[in-house]
Amino acid sequence: MRASPTRRALLAGLAAGWSLPALAQHHGHSGHAAPSPRPDPLAGRFGGPFVLVDHSGKAVSDGDYRGRFMLLYFGFTRCTDTCPIDLPTIAQALDGLGPLAERVAPLFVTVDPAHDTPAVLAAYVGAFHPRLIGLTGSEAQIAAVAKAYKVHRRKLTLPHHGAGEHSVDHGSLTYLMDREGRFLTLLPHKTGADRMVAVLRGYLA
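Residues numbered from 1 in each chain as written. Predicted model: local features only at pLDDT ≥ 70, side-chain atom pairs only at ≥ 80, totals over all residues. Heavy atoms only, no water.

**Student:** How should I be thinking about the packing of aromatic side chains in this particular structure?
**Tutor:** Two aromatic rings are characterised by how far apart their centres lie and by the angle between their planes. Under the defined criterion, the tally for this structure stands at eight aromatic pairs. Plain terms: the ring middles of Y124 and F128 are 5.1 Å apart, the flat faces sit at 70° to each other, and that makes the pair edge-to-face. Since its relative accessible area comes to 24%, F128 is described here as partly exposed. Of the aromatic side chains, those joined through ring pairs into one cluster are F46, F74, Y149, Y175 and F183. Sitting above the plane of the F46 ring, K150 keeps its charged end 5.8 Å from the centroid. (Phe/Tyr/Trp six-rings, centres within 6.5 Å; stacked < 30°, edge-to-face > 60°. Buried < 20%, exposed > 50% of the residue type's maximum accessible area, 1.4 Å probe, protein only. Lys NZ or Arg CZ within 6 Å of the ring centre and 35° of its normal.)

Structure (structure tokens):
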């Protein structure tokens, strides 16, 4: 999917290393303890309160995950390119963290709430990892959380779509928030599982 100009600029910054200090500091094997990461220059620009519905049908807010690090990824269940790459990586990273994974709330927030009901999300996230939590809500609720995290999302109708069908062009970054819901760092699309484990250990240890 094509990135918006804002997203392209952000990813260019990521490539330059100015928004991923934890990645820049870790150059060893993932089994080694990562050094304590510096504050991210983008702190304060991403995140905020939200009220959504999890894949069990329960109303939840960001406050329900206080005390754990939130690892958020935005996508949708019919995604055919970015989500099938990044979600298995998140699952592998959770396994690679071992007991430290208990400190993480891995959240998959849909950008397609019209289709991704709690039941649809439950089947989807369960196929990737038992601890992955699917979140949906009304269009207004999803629009609000996408705005807070500056997530690009745009509904697309392509030539092969039938009546009422659509796809969604969306951002593909993974957001790490601290125990109080404050932004820590971004992990770009196609970050490897070993690298993700190393970055997470730097904050969790």
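Once the structure has been displayed, the description carries forward.
**Student:** I would appreciate a short explanation of the sheet that holds strand β2 (residues 59–61) in the present structure.
**Tutor:** The mixed open sheet is built from seven strands, whose spatial order is β2-β1-β5-β4-β3-β8-β9. In the strand order of this sheet, the two ends are held by β2 and β9 (183–187), each with one partner. Here the strands of the sheet are splayed against their neighbours by 35° on average, with no regard to which way each runs. On top of the sheet, helix α4 (residues 118–126) reaches β1 (51–54), β4 (104–110) and β5 (133–136); it is set at about 155° to β5, its chief contact. Packed onto the sheet, helix α6 (residues 193–204) meets β3 (69–75), β4, β8 (174–177) and β9 and runs at close to 170° relative to β9. (Pairing = 2+ DSSP bridges. Helix = DSSP H or I, 4+ residues; strand = E, 2+ residues; numbered from the N terminus. Axes fitted to C-alpha atoms, helices over the stretch in contact; angles between N-to-C directions. Contact = heavy atoms within 4.5 Å.)

**Student:** Just to check I follow, could you spell out helix α3 (residues 83–97) for this structure?
**Tutor:** Its 15 residues give α3 an end-to-end C-alpha distance of 21 Å, which sits within 8% of 21 Å, the value for a rise of 1.5 Å per residue. Those residues of α3 lying buried are C83, D86, L87, T89, I90, A91, A93, L94 and L97. Two residues or fewer past α3, G98 is found with a positive phi of approximately 65°. (Expected span 1.5 Å × (residues − 1).)

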